[in-house]
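Structure at a glance
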Amino acid sequence: MPDVRTSVVETIRTYLSRARVAARLRQEEAKADLAAAQGRLDRVRQAAAQRPARAAAERDRRLADLDERHTATLADLTRKAALAASMRAPGAAGAVWEQWHPTPAARAEPPDLLRVGEVRVPRAGTAPALVPLLDRGHVALVDNVQVGGDAVVAGLLLRALGRAAPGQIEITGYDPERLGGGLAGFAPLAPAGLLTFVGPGGLTPLLDGLVDHVRRINETVLAGDYASLAEMAAETGRRPEPWRVAVLLGGDEPSRHERAQLDRILRTGAACGVHLIVRGITVAAHRTVQVVHIDGDRAEISGCGPLPVHLDPPPPAELVTTTCRRIADRVSMGPTPAVFRDLIPELTWTEHSAAGLTAPVGLSPEGREVEVTLADYPPHALIAGPSGTGKTNLIYAWMGALAARYSPDELAFYLLDFKEGVSFARFAPGKRDPSWLPHVRLVGVNVNTDREFGLALMRFLGGELRRRADAAKEHEVTKLSELRHEDPEGHWPRIVAVIDEFQILLTGRDALAQEAATLLEDLARRGRSQGIHLILASQDVSGIEALWGRPALVAQFTLRIALPKARRILHEANLAAETLPRHHAVVNADSGAPDANRVVRIPAASDRRVWSDLQHRLWQDRPTWLGPPRLFDGDAVPRLAEAPDFGKLTPGAADPVVLLGESIDVQARSARMPLTRSPGRNLAVLGTRVDEACAVLAAAARSLARQHADGDARFSVACLDPDAAATAASLRLDLPADTGWYDTEGLAALLPSIEPDGSRPHYLIIFAADAAASRLAVKTGARTGHDHLRRLLNTGPERRTHVLGWWRGVNRLRDDLGGPGSRTDAIGAWVALDVQGSDLTGFFPQQGGPAWYPRPWRALFFDRARHRIPEVVIPYGLSR
Ligand SMILES: Nc1ncnc2c1ncn2[C@@H]1O[C@H](COP(=O)(O)OP(=O)(O)OP(=O)(O)O)[C@@H](O)[C@H]1O
């Protein structure tokens, strides 16, 4: 029993002890929880205590950030504004005075805005403060401090002057209080007419005058084609009117009329380049008016909002006067000439010539293009002016304007200059510049005394006139415009033939002048309807008077262009050319009647660079079918190898032809003599000039050789003058290998041996045939060498044996033929060199011989069988 109790006690004790331990543990846990909770509470209390300070710091940080970003944005905007301003007010419009100098705007560039001061943005920098004036509006100053306003007026005027070309700004000052004192620095402009002052009572006439300018510019300059001078300048690059700036500095309250005029100018002036700078007069609010409120050196500008503007100081007085003096000096030197580019359209070859050719030749005093037309009326033009007045330049300008408008399908030029010069050479390919003006089909240079060139052109145009008239007849029409309509696939460009110093063509009372005048008259009369137009230029009256003898001819030239001091080109009562300034012309499309005068400023078009820009552009665009023009160069020696007719020769021709030299014609054909089997088909070259004679004979021999395969023909060459030896030696290379070569003895032996039988052509080429005269006079058997020569001359051609000989005088040939009175018909063709026409009497059908005055490297060719009158030829050069 006690054990049980003990055991129970023990058990209870054990339980109690465990319970105590457990209770102690829980208590400690509870304490720990309490401590933790206490700690959390402390931390929460602590955190709660710190929060406001942090929030404030965060707010401050964000504010600072915002501020920084704002400043950066402002700085960025200010920078951008400054950049934009530098573009809108470049150079003289915006530079600070220390760096200021005039920088006139380029041709089509608008003058844009002008600086008056700067907007200072704290911590962000500065940007220029700009106001619009030229082409844009007007500026009104509201101030009560004299100095600030003066600075703005002077600054604006100087900047405007610096942005415009000299003379392009005319200032009028109305300064009744200080009588011009406000604009004193600009006084040097006055002598050049760029600054005028009106007196105290002058406001009304001043405003009336400005209103009148606006009206006139709208009516005659803009003429409904442009909304403003600015638009005209942007589209055409031209600005025919200056800007007119009226500076109105106070005075009495304007009258009702004056106020109305002021309002008109404010509304309409800017489009016509009429501008006001007004100070001390209240003007009506208008969108074109910038109001500058000045307070000391601070200002507000209506266009800048409330931003304060720090006005620039006035421009240094020295800068103002020097600039104005320079501008005045430049203007006093006279107007700058019109510019060739003004005549050239943006897009080329857009016009059609069916009805006529219209292009500007220059600008009117108002700056508008003055167009001239070549069509049915007026069909042809006469240009006159003393030497150096600019006829050639005018022709260049006109041609450039035409060539840029009409493609080579629409227009073709034929150009001839009788002057001792090469004024048209630029239109043909040259050594330095391979380009040519695509419209040009013929260029004649260095023509000098070779009137045949002119005649050749007349003949060619006469042929073209017939061709066109025939085509018109075929299509049952009468005019080019109708023909083009009926035959749209045909190539019928209008032709413009320009002949400078044309009177040379008509000098002399010979057959050539006669034929040229007749052809010219026919062309002038009938060319109009077939699209062939003539432009004739002459230095002096004699040229025109050469035409005066033919009133019908002159009457066709209804378009007259007179350069300064040109006489008699216009109507006798029309003296407009007498008072023309340099580089101007009177254009009159009504035969010179005074009412039809138009005064034109002619641009400089002579400068090669100016011209070649255009020519290269057109040349690059030329149609593929178009070759270079034919070049007549009076100084050039043509080459046989380059002659088109020589190139066409081939072996096997039934009747071989002899080429002798270049014909003076538009196609560069060769003068030719066919060697048929008719009697007399022998050739004599006559004269003492060795080189020319050798050149003619060598060309003849070479052209024959080209028409025979080796062995087909026999060639025998006798060279009896040592001076011809070099030619003979070089000819050897081009003649068949079996060619016989003979000296005097050889020739004397050869002649009796030749028995023509007609089986094979035989050409006997004798250089200096007369040198063998004494040897040929000697009898060999019953006959002399001369007898054999005559036998060959008389009977050879029928049997295909031809003599081509050079005799050093007409009488020597005659002696070889049998002496005076002997027959000459064995010589069917001759080429005369330094031989007087009268000496050729016996060899020419008309008494007295042909009209021929020897000229270097020219020959007169006559073929009895084919010619009515002889033709002048240019021998081919000696070299192959
Ligand atoms: N409108 C112009 N603007 C500027 N310079 C010009 C103008 N017209 C002509 N000239 C210049 O004047 C000079 C003479 O001009 P041009 O050769 O055209 O005269 P011209 O009447 O044909 O003389 P000439 O009959 O002696 O040949 C040239 O140097 C030319 O560049």
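Residues numbered from 1 in each chain as written. Predicted model: local features only at pLDDT ≥ 70, side-chain atom pairs only at ≥ 80, totals over all residues. Heavy atoms only, no water.

As annotated in an unreviewed UniProt entry, the protein chain carries the name Cell division protein FtsK and comes from Phytohabitans houttuyneae.

Section: the overall build of the protein chain
Note the cut-off: Counting from the N terminus, the helices are the DSSP runs of H or I reaching at least four residues and the strands are the DSSP runs of E reaching at least two. Note on method: radius of gyration uses C-alpha positions; expected globular size equals 2.2 Å times residues raised to 0.38. Between buried and exposed lies partly exposed: a residue is buried under 20% and exposed over 50% of the maximum accessible area for its type, with that area taken using a 1.4 Å probe on protein chains only. Contacts are residue-level and defined by heavy atoms, with any inter-residue pair within 4.5 Å sufficient. Here the positive residues are Lys and Arg and the negative ones are Asp and Glu; neither His nor the chain ends is included. A charged residue contributes its charge at one atom only: NZ of Lys, CZ of Arg, CG of Asp or CD of Glu.
The secondary structure content of the protein chain amounts to 21 helices and 33 strands. Here the C-alpha radius of gyration of the protein chain, 48 Å, is well above what a compact globule of 880 residues would show, namely 29 Å. Seen through its C-alpha atoms, the protein chain measures out along the principal axes to roughly 200 × 120 × 60 Å. Within the protein chain, buried positions represent 51% of all 880 residues. Here the analysis covers contacts within the protein chain between residues at least 6 apart in sequence; of these, 73% occur between residues at least 24 apart. Mean positive and mean negative side-chain charge positions of the protein chain (106 and 105 charges, respectively) differ by 5 Å.

Observations concerning the site of the ligand
Put simply, the rule is: Nearness of a residue to a molecule or strand requires only that one of the residue's heavy atoms be within 4 Å of it. Two N or O atoms count as a polar contact when they lie within 3.5 Å, although within protein this holds only if one can serve as hydrogen donor and the other as acceptor, and sequence-adjacent residues are included solely when both atoms are side-chain atoms. Surface accessibility follows the Shrake-Rupley procedure with a 1.4 Å probe radius. Residue values consider only the protein chains on display as shielding. Nonpolar residues are Ala, Val, Leu, Ile, Met, Phe, Trp, Tyr, Cys and Pro. Charged residues are Asp, Glu, Lys and Arg, and all others, Gly as well, are polar.
Around the ligand sit 15 residues in total, of which Ser387, Lys391, Thr392, Asn393 and Ile602 are the nearest. Measuring from an oxygen atom of the ligand, one finds a side-chain N or O atom of Gln539 at 3.4 Å. His583 places a side-chain nitrogen or oxygen 3.3 Å from a nitrogen atom of the ligand. The protein chains hide 72% of the 620 Å² of surface that the ligand would expose on its own. Broken down by class, the residue content of the shell around the ligand amounts to 4 nonpolar, 9 polar and 2 charged.

A word on the domain arrangement of the protein chain
The following threshold applies: By convention here, the domain bounds are inherited from an automatic or database domain assignment. Accessible area, probed at 1.4 Å, shrinks when two parts are joined; the buried area is that loss added up over both. The salt bridge definition used is simple: a Lys or Arg side-chain nitrogen within 4 Å of an Asp or Glu carboxyl oxygen.
Domains assigned within the protein chain are domain 1 (2-88), domain 2 (98-326), domain 3 (371-569 + 579-633) and domain 4 (640-874). For domain 1 and domain 2, the distance between their C-alpha centroids amounts to 73 Å. Listed as interface residues are 9 residues of domain 1 and, on the opposing side, 12 residues of domain 2. Between domain 1 and domain 2, a total of about 850 Å² is buried, with carbon and sulfur atoms accounting for 58% of that surface. Connecting domain 1 to domain 2 are 1 salt bridge. For the salt bridge of Asp112 with Arg88, the shortest nitrogen-to-oxygen distance reads 2.6 Å. Run the count over domain 1 and domain 2 and you get 2 residue pairs in polar contact (both at pLDDT 80 or more). When grouped by side-chain class, the residues that make up the side of domain 1 that touches domain 2 number 5 nonpolar, 2 polar and 2 charged.

What to know about the packing of aromatic side chains
Selection criterion: Only Phe, Tyr and Trp rings are paired, with Trp represented by its six-membered ring, and only when their centres lie within 6.5 Å; those with planes under 30 degrees apart are stacked, over 60 edge-to-face, the remainder tilted. Look at NZ for Lys and CZ for Arg. If either is within 6 Å of the ring centre and within 35 degrees of the ring normal, a charge sits over the ring.
In this structure the tally under the stated criterion is 12 aromatic pairs. Consider the rings of Tyr396 and Trp611, whose centres lie 6.2 Å apart with planes at 40°: the pair is tilted. Separated by 215 residues along the polypeptide, Tyr396 in helix α7 (residues 391-405) and Trp611 in helix α14 (residues 608-620) bring together distant segments of the chain. An angle of 45° between the planes, with centres 4.2 Å apart, marks the rings of Phe453 and Phe632 as tilted. Here Phe453 is found in helix α8 (residues 451-474), whereas its partner Phe632 is found in strand β21 (residues 630-633), with 179 residues between them in sequence. Residue Phe453 is classed as buried on the basis of its relative accessible area of 2%. Three or more aromatic residues link up through ring pairs in this structure, and these residues are Phe340, Tyr396, Phe424, Phe427 and Trp611. The side chain of Arg706 reaches across the aromatic face of Phe646, ending 4.6 Å from its centre. The cationic tip of Arg732 hangs over the ring face of Trp741; the distance from NZ or CZ to the ring centre is 4.3 Å.

Some remarks on the sheet that holds strand β24 (residues 683-686)
Sheet strands associate in pairs through backbone hydrogen bonding, adopting either a parallel or an antiparallel arrangement. The condition is simple: The pairing criterion for strands is at least two bridges between them, as found by DSSP. Whenever a helix is involved, its axis is fitted only over the stretch in contact; in every case the axis is a line through C-alpha atoms, and angles between N-to-C directions fall within 0 to 180 degrees.
Spatial strand order, β23-β22-β33-β32-β31-β24-β30-β27-β25-β26: 10 strands in an open sheet with mixed pairing. Pairing within the sheet leaves two strands with one partner each, and these edge strands are β23 (670-674) and β26 (740-742). Here the average twist between neighbouring strands, direction ignored, is 25°. Both strand β25 (residues 714-719) and strand β27 (residues 762-767) contribute to a ladder of 6 bridges, which runs parallel. Each residue of the ladder has a partner; that of Cys719, found in β27, is Phe767. The strands that helix α16 (residues 690-705) touches are β22 (657-663), β24, β25, β27, β30 (801-807) and β31 (829-832); relative to β22, the one it contacts most, it runs at about 135°. The strands touched by helix α17 (residues 725-732) within the sheet are β25, β26 and β27, with β26 carrying the most contacts at an inclination of about 170°.

Thoughts on the sheet that holds strand β6 (residues 243-249)
Pairing in this open sheet of 10 strands is mixed, and the strands run β2-β1-β10-β9-β8-β3-β7-β6-β4-β5 from one edge to the other. A strand with exactly one partner marks an edge of an open sheet, and here the two such strands are β2 (125-132) and β5 (195-198). Across the sheet, the axes of successive neighbouring strands diverge by a mean angle of 25°, strand direction being ignored. In this structure, strand β3 (residues 138-143) lies alongside strand β7 (residues 274-279), joined through 3 bridges in parallel fashion. Looking at the pairing, Ala140 lines up with Val278 of β7. With respect to the sheet, helix α3 (residues 203-222) is in contact with β4 (169-174), β5, β6 and β7, its orientation differing from that of β6 by roughly 160°. In the packing of helix α5 (residues 256-268) onto the sheet, the strands contacted are β3, β6, β7 and β8 (289-295), and the crossing angle to β7 comes to about 125°.

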